[in-house]
Amino acid sequence: MLIIAGLGNPGSKYAGNRHNIGFMAADAIHRRHGFSPWSKKFKAEISEGELGGEKVLLIKPQTYMNLSGEAVGEAMRFYKLQPSDLVAIYDELDLPPGKARLKIGGGNGGHNGIRSLDAHCGKDYRRLRLGIGHPGVKELVQHHVLGDFAKADQVWLQPLLETLADNANMLVRKEDSQLMNKLALAVGGKAEEDKPKPEKKPAAQSHIHQARNHAQPKLPATGPMAEMLKKIFGNKSE
């Protein structure tokens, strides 16, 4: 069984916030794959379904972001799951808008929801970070993350969420790099595997080695110069 936890804050007041992109992702997966209606359990809204032939529990903690781990940890203990059975989806300030990154473990990057998950669930779970961009000034961070996505953001936000929902079974199959490529292409980026590889340069050679490999000048075989060289060096055939 896999738990996919979308992080955010409960209530209509926060529904459109950048900080709630994890909730939005969970909702998109829920709609696309015919999961059961949302119900309340584990201090969260949960929904059961299948992806790629495996049972999946979608969970949206209702504890507010800073206590997300309480809800997810309770669900993990109930189903006797390990950190490797968890995927957390959340907002990332340090990624450009629409950029996605998926990895196992790592630091919390100052994200209170992840700090809570680390404390209650262990650290070796997969983290799907969805970029919301940084306002550029530390003092504006709170206003930025708790502000709603702008209309202009819909250009990348909707394709990102729809593509994630379409390919959510890749999370079950752990096809992480393939999923990242699809998300990158959805928002107008380039797939990692499509990036041209740098040309392999020949190994550096010393000046002596280069001199040895350099084509030797052809010596004259006939004429006055040839006769003079024979007198100086002798005839090799003799």
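Heads up: the structure comes first, above all this text.
Residues numbered from 1 in each chain as written. Predicted model: local features only at pLDDT ≥ 70, side-chain atom pairs only at ≥ 80, totals over all residues. Heavy atoms only, no water.

Participant: Sorry, what's going on with unusual backbone geometry here?
Facilitator: Keep in mind that most residues, glycine aside, have a negative phi and that most peptide bonds are trans. The backbone phi angle of Y64 is positive, close to 75°, even though this residue is not glycine. Examined against the element boundaries, Y64 turns out to sit in the loop between β4 (54-61) and α2 (68-78). Take Y64: its relative accessible area is 42%, and that puts it in the partly exposed class. In this model, K174 sits at a positive phi of 60°, which is unusual for a non-glycine residue. Considering the arrangement of structural elements, one finds K174 in the loop between α6 (169-173) and α7 (176-186). A relative accessible area of 53% places K174 in the exposed class. (Helix = DSSP H or I, 4+ residues; strand = E, 2+ residues; numbered from the N terminus. Buried < 20%, exposed > 50% of the residue type's maximum accessible area, 1.4 Å probe, protein only.)

Participant: Would you take a moment to explain the nonpolar core for this structure?
Facilitator: Soluble globular proteins tend to pack their nonpolar side chains together in the buried interior. Of all hydrophobic cores here, the largest spans 34 residues; its most connected members are I4, I21, I29, L51, I89, L128 and L130. In terms of residues, this core owes the most to one element, helix α5 (residues 154-166), which gives six residues. Residues I3, F42, I46 and L57 belong to the second largest nonpolar core, which totals 21 residues. (Core = buried A, V, L, I, M, F, W, Y, C linked by side-chain atoms within 4.5 Å.)

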